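Okay, here's what each chain looks like letter by letter:
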Amino acid sequence: MSDKSQIGLIGLAVMGQNLARNLARAHKVTVYNRTTETMQDFIGEHGSENLAGEAELEGFVNSLEKPRKIILMVKAGRAVDAVIGSLLPFLDKGDIIIDGGNSHFPDTIRREKELSEKDMNFFGCGVSGGEEGALNGPSIMPGGSTKVWKELEPILKKIAAKDFEGEPCVTYIGENGAGHYVKMVHNGIEYAVMQMMAEAYDFYRSNGLSASEIGNIFEKYNQGKLKSFLFEISVPILRKKDEKGTDEYLLDLILDKAGQKGTGRWTGIEGLERGIDISCIQQAVNARIVSSRKNYRVELDKKYKKPYADKTLPKDVVKELVPVIENGLYAAMLIAYAQGFDLLRQAAEEMEWDLNYAEIARIWQGGCIIRAQILKTLTEAFKEANNAPLWEIEQIVSDLQDNWLDLRATVSLGVQAGTPLFCLGAALASFEAMSDARGSANFIQGLRDSFGAHTYKRIDQDGIFHTEWS
Ligand code: 2AM
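Bear in mind the structure is a predicted one, so any value in this text is a computation, not a measurement.

1. Some points on the nonpolar core
By size, the foremost hydrophobic cluster in this structure holds 92 residues, and its most contacted members are Y204, F218, Y337, F341 and W364. Counting residues per element, this core draws most heavily on helix α14 (residues 315-351), at 20 residues. Here this core spans two domains, since at least three of its residues come from each of domain 1 (7-176) and domain 2 (183-434). Excluding its chain neighbours within four sequence positions, the residues that come into contact with Y204 are L209, I214, I217, F218, Y221, V318, L321, V322 and I325.

Now the structure itself:
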């Protein structure tokens, strides 16, 4: 057996380190990092027969079996191009570069094209699961040529998380940028789900519940149809007490400004560009944008006196609302997923990707941040309905029908409590508009025809019409 490594990994931030350790359970891995000290520290701590470090790129490349398989875990953007550029002089035809970062899909498409012109392979691979997932099994969304997929399949299957049936959370997604596209939409849905949870949290907080009381409710939610990784981790977050000298819950001391790295924004823009309503995702991005303007919010808060009385509901009433909000959240999350999958469907058509939605829902069952019970429902729904749009599938229609009134109640309760419902409100509006045969756009068309002679169609006659309105 050759003493060369089967896989190389570049980029030893936490995700890269953990993925390298995961890979090293079943493969010999060489790692490289731009800052050599980071590599040395990592090898010092985790080096083993299976894990070696190289300080120079040439030595790194030469340590790998051919065709070489090199996983990049570097910062998305220019760093990826920089690393590819410095690797190229040492690579041979047939070698494979796998980008495991959160690259923007157009970059992946471009890189795949550029490398294939040099007879080399570029494979864009979405990896979700955070630090823990990278170490113990992420959900993996690979995109590129099927030939390269065949080479990588056994490796990726070994390191992936497991779905509810124990199958690996990895499947071939599609050509070129398809893997990174699906990862991007995954992150967009993640934004929406987190924001919906935050809105439920805000509702309970506005009604006087303490963080730990909300923790008790979320713990209950995590035992039913909302069971998910995000609800699971929210319970200790809600219960954690400050350890820096106050008697407060730590959550109450965290600055209410949300960070973002761009995948939610990219998804939102995709919705606008492809003409698909993904308002839940876009509103989650908007909520983060508004949150980030903390100083301005503080200023405006002084100018505007809330015109509604502080009508905190009695605790026993709030208690009775817990299952109502649970149903409302469930319906809203189904809507967020339906929107996300609508975007995937449109992109697949335009980009000529052959996406299998049941498989995508399946590989999100484990390892990734949005792993949740709901994905079992979605996988089964897609399977039974041969990947029809979620809105049309019997199981989803019946779930939305059953929880519709509770979503309405959740939104109206949230409004009364003074909770800005970026996502829950968007979910309700989007669903009710999409499932209503008669909308209000006749009015828009009337206005457009009046001020700009944009013409309109009629519901009772064929043809294009224009009217002198005044
Ligand atoms: P560093 O430790 O030398 O900063 C996440 O930032 C990872 O991407 C880190 O491993 C970081 O290496 C690497 N990285 C960021 N920009 C890079 C670049 N231009 N070239 C190579 N690696 C880079």
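2. Some words on the state of the cysteines
Inspection of every chain in the model, using the stated rule, returns zero disulfides. A disulfide-free cysteine, C169 has its sulfur positioned 7.2 Å from the sulfur of C368, the nearest such atom. Counting only cysteine sulfurs, C280 is the nearest neighbor of C423, a cysteine outside any disulfide, at a range of 5.8 Å.

3. Topic: unusual backbone geometry
The omega angle of the peptide bond from K66 to P67 is -10 degrees, so this bond is cis rather than trans. Tracing the backbone through its elements, the reader meets P67 in the loop between α3 (57-62) and β4 (69-72). With phi around 60 degrees, D119 is a residue other than glycine that occupies positive phi space. Despite not being glycine, T455 has its phi angle at roughly 65 degrees, a positive value. Residue position: T455 is located in the segment after α19 (441-452).

4. Remarks on the site of the ligand
Contacts to the ligand come from G11, L12, A13, N33, R34, T35, M73, V74, K75, A79 and V83. L12 is positioned with one of its backbone polar atoms (N or O) 3.1 Å from an oxygen atom of the ligand. Within the side chain of N33, an N or O atom sits 2.7 Å from an oxygen atom of the ligand. Here the ligand loses 74% of its free accessible area of 480 Å² to cover by the protein chains. In the shell around the ligand, the residues fall into six nonpolar, three polar and two charged.

Rules used in this analysis
- Residues numbered from 1 in each chain as written.
- Predicted model: local features only at pLDDT ≥ 70, side-chain atom pairs only at ≥ 80, totals over all residues.
- Heavy atoms only, no water.
- Core = buried A, V, L, I, M, F, W, Y, C linked by side-chain atoms within 4.5 Å.
- Buried < 20%, exposed > 50% of the residue type's maximum accessible area, 1.4 Å probe, protein only.
- Helix = DSSP H or I, 4+ residues; strand = E, 2+ residues; numbered from the N terminus.
- Domains from an automatic or database assignment.
- Contact = heavy atoms within 4.5 Å.
- Disulfide = S-S within 2.5 Å.
- Near = heavy atom within 4 Å.
- Polar contact = N/O pair within 3.5 Å; in protein donor to acceptor, adjacent residues only side chain to side chain.
- Areas by Shrake-Rupley, 256 points an atom, 1.4 Å probe, with all protein chains shown as cover.
- Nonpolar A, V, L, I, M, F, W, Y, C, P; charged D, E, K, R; others polar.

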